[in-house]
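Inside the fold
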Amino acid sequence: MKKLGDLIVLSGPSGVGKSTLVGKLKQSLPALEFSISCTTRAPRGSEQNGVEYYFLSQEEFDAKRRNNEFIESADVFSHSYGTLKSEVIDRIRRGVQVVLDIDVQGALQIRKAALEDEILKRTATFVMIAPPDLETLKTRLSGRATDSAEQVAQRLAKAQSELQNFRHYDCLVVNDDLEKASEDLLAVFKAASLRSSTIDEELFV
Ligand code: 5GP
């Protein structure tokens, strides 16, 4: 059967446990491919160019934006982030399941683009990962050694406004219990790969 891959657009505020869940997904679904985004923020810790992100200067980023190389781009915490078409479209055509880990502004841009773009329309599934409540998120964010109090407050405010967009997503996975959330996310990925719209030929004729 000729089949397109599919695109999972995953959003979730910082502190929601997205990286841990994504790490578990990678173990369960080794064929999954992650789109590497461009960003103008500096690498943190052991992050490497071309692994976690493509780290670009603002000039390099703006040039790509002008050349229409991004499916979506957004400013997050005063840095620019963007998803390259070259990371996504060919892979979907080749039948790969591709994951984007992007913020709500970016996800909504892809939602809109999918109204016109045939490939996106047929393959994109939008998934939000949420905390059980805002208090839990605050506790988790405050426990991170890397962020100052100001950063925690900033991230919490952004998280709240992001979460209010949950209805723009097809699925909501609540990360209360990690094992349960991980199972739920796996089920969503499986179901997305079975969407009839990803089948690329007439069948049963
Ligand atoms: P961080 O800098 O902590 O890696 O990511 C900050 C935020 O930017 C996260 O919410 C992440 O999902 C989002 N992000 C990462 N890459 C992209 C992208 O290509 N586009 C958009 N819109 N957001 C992104």
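Everything here concerns the structure above.
To keep things clear, this report deals only with the structure shown in the data block. Predicted, not measured: the structure shown is a model, and the values here were computed from it. Sequence order as written defines residue numbering, which begins from 1 separately in each chain. Local features in this predicted model are restricted to residues of pLDDT 70 or higher, and side-chain atom pairs are both shown and tallied only at a pLDDT of 80 or more, whereas totals for entire chains, interfaces and linings draw on every residue. With hydrogens and water stripped out, all remaining heavy atoms of the structure feed into the side-chain values.

1. Thoughts on the sheet that holds strand 9 (residues 171-174)
Note the following rule: Any two strands are treated as partners once DSSP identifies two or more bridges connecting them. Secondary structure elements follow DSSP: runs of H or I of four or more residues count as helices, runs of E of two or more count as strands, with numbering from the N terminus.
If you trace the 5 strands from one edge of the open sheet to the other, you get 2-7-1-8-9, paired in parallel fashion. Strands with a single pairing partner mark the edges of an open sheet, and in this sheet they are strand 2 (33-34) and strand 9. One ladder, built from 2 bridges, connects strand 2 with strand 7 (residues 97-101); its direction is parallel. The residue bridging Phe34 from the neighbouring strand is Val99, located in strand 7.

2. Notes on the site of the ligand
The criterion, for reference: Each residue is tested against the molecule or strand, and it is near if at least one of its non-hydrogen atoms lies within 4 Å. Polar contact criterion, stated in full: a pair of N or O atoms within 3.5 Å, where within protein one must be able to donate a hydrogen and the other to accept it, and residues adjacent in sequence count only if both atoms are side-chain atoms. Residue burial considers only the protein chains on display, and all accessible areas are found by Shrake-Rupley using a 1.4 Å probe. For this scheme, ten residues count as nonpolar: Ala, Val, Leu, Ile, Met, Phe, Trp, Tyr, Cys and Pro. Four count as charged, namely Asp, Glu, Lys and Arg, and the remainder, Gly too, count as polar.
Ser37, Arg41, Tyr53, Glu72 and Tyr81 are the nearest of the 15 residues found near the ligand. At a separation of 3.0 Å, an oxygen atom of the ligand approaches a polar side-chain atom of Arg44. Between Asp103 and the ligand, the recorded distance is 2.8 Å, taken from a side-chain N or O atom to a nitrogen atom. Here the ligand has 510 Å² of accessible area as a free molecule, and 89% of this is covered by the chains. Those elements that place two or more of their residues in the shell around the ligand are strand 5 (70-76) and strand 6 (79-84). Broken down by class, the residue content of the shell around the ligand amounts to 5 nonpolar, 4 polar and 6 charged.

3. Focus: the nonpolar core
The following threshold applies: Nine residue types can take part in a nonpolar core, namely buried Ala, Val, Leu, Ile, Met, Phe, Trp, Tyr and Cys, and a core is a set of them joined through side-chain atoms within 4.5 Å. Here the term buried applies to any residue with accessible area under 20% of the maximum for its type, exposed to any over 50%, and partly exposed to those in between, with areas from a 1.4 Å probe on protein chains only. Any two residues having at least one pair of non-hydrogen atoms within 4.5 Å are treated as being in contact.
Ranked by internal contacts, the top residues of the largest apolar core, which has 23 residues, are Leu7, Val9 and Ile110. For this core, the elements supplying multiple residues, two or more each, are strand 1 (6-11), helix 3 (89-93), strand 7, helix 4 (104-116), helix 5 (118-123) and strand 8 (124-130). Beyond its immediate chain neighbours, meaning those up to four positions away, Ile110 contacts Val9, Ile71, Glu72, Leu100, Ile102, Leu120 and Phe126. Core analysis: the next-biggest nonpolar cluster, separate from the first, contains 22 residues, Leu32, Val99, Val127 and Phe189 among them.

4. Structural notes on the side chain of Thr125
Mapped onto the secondary structure, Thr125 falls in strand 8. By relative accessible area, which is 7% here, Thr125 ends up buried. Within polar-contact distance, the side chain of Thr125 engages the side chain of Arg195 at 3.0 Å. Beyond its immediate chain neighbours, meaning those up to four positions away, Thr125 contacts Leu7, Ile8, Val9, Asp170, Ala192 and Arg195.

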